[in-house]
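# Structural overview
What follows is the residue order along each chain.
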Amino acid sequence: MATCCLIALDPDTGRLDCATAAHPAPLVHTPDGAPAPHVTPGLPLGVLADTSYPTTRVTLPPRSRLLLHTDGLTDTPHTDPDHARRQLHTELAATAHDAAALALHQITTACLTTAHPNDDAAVLLAHLVATDRH
């Protein structure tokens, strides 16, 4: 059994397709602060043979940021996962104008509660640059 988050992001159009198998959904920050899309999670991989995984499709505007992360960043001992996820989103918004490397440093520094995580803690940040979309 395993969890998974699969995304397909077209940087030219901003179209994002996302499906999860009991894995944290990506966090999205848009320039206008619009609410993130709700991604309906599926069961973990390997639980049932004929499991379907619903796909959420949205179009992100230019200058949006997408943060993928493992639950090792939010589901830690003595931490409320919902609170930790809100903090992660707050840090994503607070670093919206920072360079990607600086934003990742600030996000992980603020959200990792210990220097030695109990579980995997991985993050990936995508930033959609402004382009002329037709």
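Each remark here, short or long, concerns the structure printed above.
The sections below set out a description of the structure shown in this document. Model, not experiment: these values are computed from the prediction.

What counts and what doesn't
- Residues numbered from 1 in each chain as written.
- Predicted model: local features only at pLDDT ≥ 70, side-chain atom pairs only at ≥ 80, totals over all residues.
- Heavy atoms only, no water.
- Buried < 20%, exposed > 50% of the residue type's maximum accessible area, 1.4 Å probe, protein only.
- Helix = DSSP H or I, 4+ residues; strand = E, 2+ residues; numbered from the N terminus.
- Contact = heavy atoms within 4.5 Å.
- Pairing = 2+ DSSP bridges.
- Axes fitted to C-alpha atoms, helices over the stretch in contact; angles between N-to-C directions.

### Comments concerning unusual backbone geometry
Of note, alanine 22 is a non-glycine position whose phi angle comes to about 55°, a positive value. With relative accessibility at 36%, the residue alanine 22 sits in the partly exposed group. For arginine 63, which is not glycine, the phi dihedral falls at a positive 70°. Residue position: arginine 63 is located in the loop between β5 (56-59) and β6 (65-69).

### Remarks on the environment of tyrosine 53
In this fold, tyrosine 53 is placed in the loop between β4 (41-42) and β5. We classify tyrosine 53 as partly exposed; its relative accessible area is 26%. Placed 38 residues apart in sequence, tyrosine 53 and glutamate 91 show a C-alpha to C-alpha distance of 29 Å. In this view, tyrosine 53 contacts Ala19, Thr20, Ala21, Gly42, Leu43, Pro44 and Leu45; residues no more than four positions away in its chain are not counted.

### Here's the deal with the sheet that holds β6
Reading across from one edge, β3-β6-β7 is the order of the three strands in this open sheet, with antiparallel pairing throughout. The strands lining the two open edges of the sheet, one partner per strand, are β3 (27-29) and β7 (123-127). Across the sheet, the mean angle separating the axes of adjacent strands is 15° when strand polarity is ignored. As defined by bridge partners, β3 adjoins β6 across three bridges and the pair is classed as antiparallel. Paired with valine 28 across the bridge in β6 is leucine 66. Packing of helix α1 (residues 81-94) onto the sheet brings it into contact with β3, β6 and β7, and relative to β3 it is tilted by some 30°.

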